Amino acid sequence: MATRRFRTDNRAVDALYDRLSATDLQPLWELTGLLTPEPVVGAVPYRWSGEDLRALGEASGELVPVERGGDRRVLACCNPGLDGAPYAVPTLWAAVQYLRAGEVAPAHRHTPAALRFITQGQGVWTLVDGDPVHMSEGDLVLTPSWTFHEHHNPSSEAMTWMDVLDLPIVAALGAVFFEDGPTDEASTATAPRSMSESWYGGGPGLVPVAGPSAPGSRSPLLAYRWADTDRALATQLKASGRGVAVIRFADPVRGGDVMPTLRCEMHRVESGRRTDRTRQTGGRVACILHGTGSIAIGGETFDIGPGDILAIPSWSPWDVQAETELDLFSTSDAPVLEALGLMRHDAVDAADLVAVP
Ligand code: GTQ
Ligand code: FE2
């Protein structure tokens, strides 16, 4: 090991460093940047343009069969601050997946949890442990840790969506497991409504007394539909009169986050309005569903439009300015930071707190 050292004429110090090197030890007095006053992260504020993502998904679709690369045609967002690691922020994988008409991405499962957020189109089914979940614009679809999942596109149009996985977290913890599904014919089952929604998507605040339970602290509801999200945002906007509405996607049973590592939110900003500038610990990935405007992250400002994916590094203040009404999906590792007592966020203005009557 190359032990870092200071230079001196003292032979005994030289000898000490040689012994430290030979013993794979590094003295703390040679190390800086470990215990920083505030988070120092490699990830930089960044934007991948929706136009580029669509065009490159399509080009990959024409040139590369889905069988390559683990049976998924996926382009990973690589934050330029992370030395080539295929991660959008140090804790989150974000990618676009492209499935052509008639294609099937066969079943597998892994301990990293995944979610899909659909920015355009419809027609793909994701089977989650055999339950066919249809995907359509604005929907959030979950494939929790260790659930078998496969995607098939019986429609006549190619489809693309954003994947986010907690892969870097699970990898850092040395807990990645992967398994291919049964090798017989891929299932191409479809259904107007998934079983998960039939049980747990019955209505606001209504959950079955004896429904099939989900293991661990994750939602048994696997799809959050745009019609419901849209209505919740619209009614909140009207009720608050603040020009900005934010909802959190919740486990309908526990009220907690959708999965143990990932928090999901949808933000709506009325045309001409700007959100408060806030920051919190942990990484965040955002994706624009509708509208145009700009986002300021740390010292950078990016124009934003539909399909854009954004990396918001830990502790970077960010705010959004809407030119036309903006719908922004956000996912973060907040449940992990909260579980570990590491969540910090900037104080929220009193004006931001709406009293619940
Ligand atoms: O769709 O199963 O972006 O396994 C990365 C890994 C998607 C998937 C990704 C995956 C998938
Ligand atoms: Fe997967």
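Residues numbered from 1 in each chain as written. Chains lettered and ligands numbered in written order. Predicted model: local features only at pLDDT ≥ 70, side-chain atom pairs only at ≥ 80, totals over all residues. Heavy atoms only, no water.

The chain is annotated in an unreviewed UniProt entry as Cupin domain-containing protein from Streptomyces bathyalis.

Caption draft 1: Focus on the overall build of the chain. Scanning the chain for helices and strands turns up 7 helices and 20 strands. Taking 2.2 N^0.38 as the reference for a compact globule, 357 residues should give roughly 21 Å; the C-alpha atoms of the chain span a radius of gyration of 23 Å, in line with that estimate. For the C-alpha atoms alone, the extent of the chain along its principal axes is close to 80 × 55 × 45 Å. For the chain, with 357 residues in total, the buried portion stands at 46%. For the chain, restricting intrachain contacts to residue pairs at least 6 apart in sequence, the fraction spanning at least 24 positions comes to 71%. Accessible surface, the chain: about 17,700 Å² in total, of which carbon and sulfur atoms supply 55%. (Helix = DSSP H or I, 4+ residues; strand = E, 2+ residues; numbered from the N terminus. Rg over C-alpha atoms; globule rule 2.2 N^0.38 Å. Buried < 20%, exposed > 50% of the residue type's maximum accessible area, 1.4 Å probe, protein only. Contact = heavy atoms within 4.5 Å. Areas by Shrake-Rupley, 256 points an atom, 1.4 Å probe, with all protein chains shown as cover.)

Caption draft 2: Representation of the sheet that holds strand β3 (residues 93-99). If you walk across this open sheet you meet the 6 strands as β2-β3-β10-β5-β8-β12, and the pairing is antiparallel. The sheet is open, and its two edges are formed by β2 (74-76) and β12 (223-224), each paired on a single side. For strand β5 (residues 114-120) and strand β10 (residues 159-165), the ladder comprises 5 bridges, and the chain directions are antiparallel. Counted as the bridge partner of Gln 120 is Thr 160 from β10. Lying over the sheet, helix α2 (residues 50-63) contacts β2, β3, β5 and β10, oriented at roughly 50 degrees with respect to β3. (Pairing = 2+ DSSP bridges. Axes fitted to C-alpha atoms, helices over the stretch in contact; angles between N-to-C directions.)

Caption draft 3: Inspection of the environment of Trp 48 at higher detail. One can find Trp 48 in strand β1 (residues 46-48). When neighbours within four sequence positions are excluded, Trp 48 is seen to be in contact with Leu 53, Cys 77, Cys 78, Asn 79, Ala 88, Gly 307, Asp 308, Ile 309, Leu 310 and Ala 311.

Caption draft 4: How the structure looks around the UniProt feature "domain: Cupin type-2" (unreviewed entry) in the chain. Under the UniProt annotation, "domain: Cupin type-2" (unreviewed entry) lies at residues 97-164. Between the C-alpha atoms that bound residues 97-164 there is a distance of 10 Å. The span itself is 0% helix and 65% strand. (UniProt positions renumbered as here; feature names shortened; annotations may be inferred.)

Caption draft 5: Highlighting the environment of His 267. For His 267, the location among the structural elements is in strand β14 (residues 263-269). In this structure the C-alpha to C-alpha distance between His 267 and Asp 327, which are 60 residues apart in sequence, comes to 5.7 Å. Leave out the neighbours within four places in its chain, and His 267 touches Ala 245, Val 246, Arg 284, Trp 318, Leu 326, Asp 327, Leu 328 and Ser 330. A distance of 2.8 Å separates a polar atom in the side chain of His 267 from a polar atom in the side chain of Glu 265. (Polar contact = N/O pair within 3.5 Å; in protein donor to acceptor, adjacent residues only side chain to side chain.)

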